[in-house]
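Structural features, examined
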Amino acid sequence: MMKTKFLASMLFAVFVIAACDDNTESIGTFITDGADHLEVTADSFNVTMNSIAADSVLSRSNVGYLGKVKDPETGAYITGDFTTQFSVIEDVTFPNINILDQITAETVADSCEMRLFYQNYFGDSLATMKLTAYELQSPMKEDVNYYSNYNPQIEGLIRAGGIETSQVYSIKNMKVSEDERSDKDFIEYISIKLNDPYTDKDGNTYNNFGTYILRTYHQHPEYFKNSYNFVHNVIPGFYIKNTGGLGSMAYINSSQLRINFKYDYNDSTYNGAFYFGGTEEVLQKTTISNDKETITKLVNDNSCTYIKTPAGVFTQVTLPIDEVVSGHENDTINRAKVVLRRINNTEQSEYTLDLPQTLLMIPSDSIYSFFENGNIANYKQSFLATYSGSNSSTAEANTYTFNNIASLVSFMADNKRNGMKNDPNWLSQHPNWNKVVLIPVTATYNSSNELYKVTHDMSLTSTKLNNTNVKLYVIYSRFE
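Attention here is on the structure that accompanies the text. Quantities reported herein were computed from a predicted structural model and do not represent experimental measurements.

**With respect to the nonpolar core**
- Within the largest apolar cluster, 41 residues are counted, with the highest numbers of intra-cluster contacts made by Leu116, Phe209, Ile240, Leu257 and Phe276.
- Residue assignment for this core shows that the elements contributing at least two residues are β6 (111-123), β7 (129-135), β9 (189-193), α3 (209-219), α4 (227-233), β12 (238-244), β13 (248-265) and β14 (268-278).
- Top element by residues in this core is β13. It accounts for six residues.
- With residues near it in sequence (within four places) discarded, leucine 257 still touches Phe86, Cys112, Glu113, Met114, Leu194, Phe209, Ile213, Ile235, Phe274, Tyr275 and Phe276.
- Ranked by size, the runner-up nonpolar core spans 34 residues in total, among them Ile307, Ala385, Trp433 and Tyr476.

Below is the structure:
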C-alpha cells in the first residue's frame, strides 16, 4: 500500500512538472525502486484544424436577439429575429371591476402595447432600426427542438389576417421621458403598439387587441387557467422580425404584453393595467440569419480557423489518435494537453465583437445530440476551456487550454479498435472518428459552483485561432 501511494505521488509530481512546461520531450524513465519500475515518457504530436459552418444551433436560451449588425473584422452580416409567447399566473383572476365603455356599455381597453425589455445590446444605440411583429396562428410545440434557423414565415405559421404591425425604433428609446428613465428600476424597452382594430379567428372585430383579450376572459375564464390554455386559446405568440436598419442588436431578456383601461370603483374612475409576461418556460426562441457568402469564405480560409457566434462558424480539430497509440499499445495515457492560441484582431473599430469566453470540446458526431439531451461537460468525452485573458504573463496568455483530454484520446482509440474488429468497413462509415469540434457555450453553475447547464452561446462573438504547429502533448506511463 505504501509503495502504491509513493508511486502515485511521484507520478502526480510528473504531471505537475509537465503542467508548468509544455516541453515534455525531456521526460523519460522516472521512478525505480528495485522491485517495481514505473516508466514515464512523453511525446508531442501535430493536430490539424479547419473551420466548419455551424448552419444552425439549438435555440434554447431565455434571451431573444433582435436587430442586424456587421462584424467589422470579417464583414459578415448577422440578423436576429425571435419568437415569443406569453404566460399567465396559474388560475389568474381579473379584479371584479367595471371596465366599460360609457357609450356602448361594453368591456373595452384604452390601449394595448407589447414591450421588449433589454439590459444589454451590441452596436450603436442611436441607429434607426425597424421591426415587424407577426401574430402566430398556433403556438410553438413544447416537445420540439427548435434550431436557430427556425422561421415561422417559412413554416407557414403566421396567421393570415392576424396582427402585422411595424415599428421604427432605436436602442435608446427617445420617447421615454427622462423622469421614467431616471427611476432606479427602469429597464430599456422597445415599444410595439397594438391599438389598431383587431379581428379574431372567428371574425369578431374589436377596437384594439387589448379589448379582444379582456372580452375573451369574461367569456372564457378557463382559457386563463394556466399558460398552456392561454397560448392555445388566446394568444399563440408573436414572431418579431428585423425588417430594416443596420447597426444594433438588442438582447431581449423578457417581453411583456400590457393592457391599459379605465375602471369604475366606489363611484370613482381609475386607470388600470394588466400584464402578461414572456418567459423561457413558454418558449422564447431566436432565429439567426448569417451572411452565407461570407461564412463560406471564412470556412475556406486556411490561414487560420474561425469561431463565430451565434450559429456562425466552429473549429474542427483532428486528433492524431493513431500516432498517439502507435508503439504505446500497453501504456496508460495519463495526460493529453492541447493549447489553442488566438490571433489578435487587427481591425480597429468601435464595434468589435466580443471574444467567446468558454469553448466546449466534443466529438464531431455529438454536436447535435449533446445539446438536445441537455448534457453537460463530463471531462471524459466532453470538456470546457475558458479564455485565459490577454494580460497574463504566462506562456498560455491569449489561449484556450484543454489541460487533459486523455480519456477522450483513449476512448477514440478503443472505439476504432473495437469497431475494426467487428466491421472491416467501420472506418469508411465513421470518417469523423478522430475529430472534435470547438463550440462557444454558456456554462451555468449553481451556488456550490457545480456545473448544471451548458447551452450554445447565442451572443455576438468572434475570434480567429492559429492553426500552425499546434501540438497535442501526451504523457504515458507503464509498469515494467
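**Some thoughts on the environment of valine 325**
- Tracing the sequence through the fold places valine 325 in helix α6 (residues 321-325).
- Valine 325 gets classed as partly exposed once you look at its relative accessible area, which sits at 22%.

**Considering the pairing of β13**
- Within β13, 13 of the 18 residues are buried, which leaves it mostly tucked inside the rest of the structure.
- As paired strands, strand β4 (residues 64-70) and β13 are joined by five bridges and run antiparallel to one another. Among the inter-strand pairings, glycine 64 is bridged to a residue of β13, identified as isoleucine 252.
- Relative to β13, β6 is paired through twelve bridges, and the arrangement is antiparallel. Paired with arginine 115 across the bridge in β13 is glutamine 256.
- Direction of pairing for β13 relative to β14: antiparallel, over a ladder of eleven bridges.

**Structural notes on unusual backbone geometry**
- Cis geometry marks the peptide bond from threonine 309 to proline 310, where omega comes out at 5°.
- The residue proline 310 is located in the loop between β16 (305-309) and β17 (313-318) in this model.
- Phi is positive for alanine 311, which is not a glycine, with a value near 50°.
- Position of alanine 311 among the secondary structure elements: in the loop between β16 and β17.
- On the basis of relative accessibility, which here comes to 7%, the residue alanine 311 falls in the buried class.

**Focus on the pattern of salt bridges**
- Evaluation of the coordinates by the stated rule reveals eleven salt bridges.
- The shortest N-O distance in the salt bridge between aspartate 71 and lysine 308 comes to 2.5 Å. Pair noted here: aspartate 71 is in the loop between β4 and β5 (77-84) and lysine 308 is in strand β16, with a separation of 237 residues, a long-range link.
- Residue class for aspartate 71 comes out buried when judged on its relative accessible area of 1%.
- Given a relative accessible area of 1%, lysine 308 falls into the buried group.
- Measuring nitrogen to oxygen at the nearest pair gives 3.2 Å for the salt bridge that ties glutamate 135 to arginine 159. One end of the pair, glutamate 135, is in strand β7; the other, arginine 159, is in the loop between β7 and β8 (164-169), with 24 residues separating them in the sequence.
- Each of Glu113, Arg115 and Lys193 takes part in one network of salt bridges that share partners.

Basis of the calculations
Residues numbered from 1 in each chain as written. Predicted model: local features only at pLDDT ≥ 70, side-chain atom pairs only at ≥ 80, totals over all residues. Heavy atoms only, no water. Core = buried A, V, L, I, M, F, W, Y, C linked by side-chain atoms within 4.5 Å. Buried < 20%, exposed > 50% of the residue type's maximum accessible area, 1.4 Å probe, protein only. Helix = DSSP H or I, 4+ residues; strand = E, 2+ residues; numbered from the N terminus. Contact = heavy atoms within 4.5 Å. Pairing = 2+ DSSP bridges. Salt bridge = Lys/Arg side-chain N within 4 Å of Asp/Glu carboxyl O.

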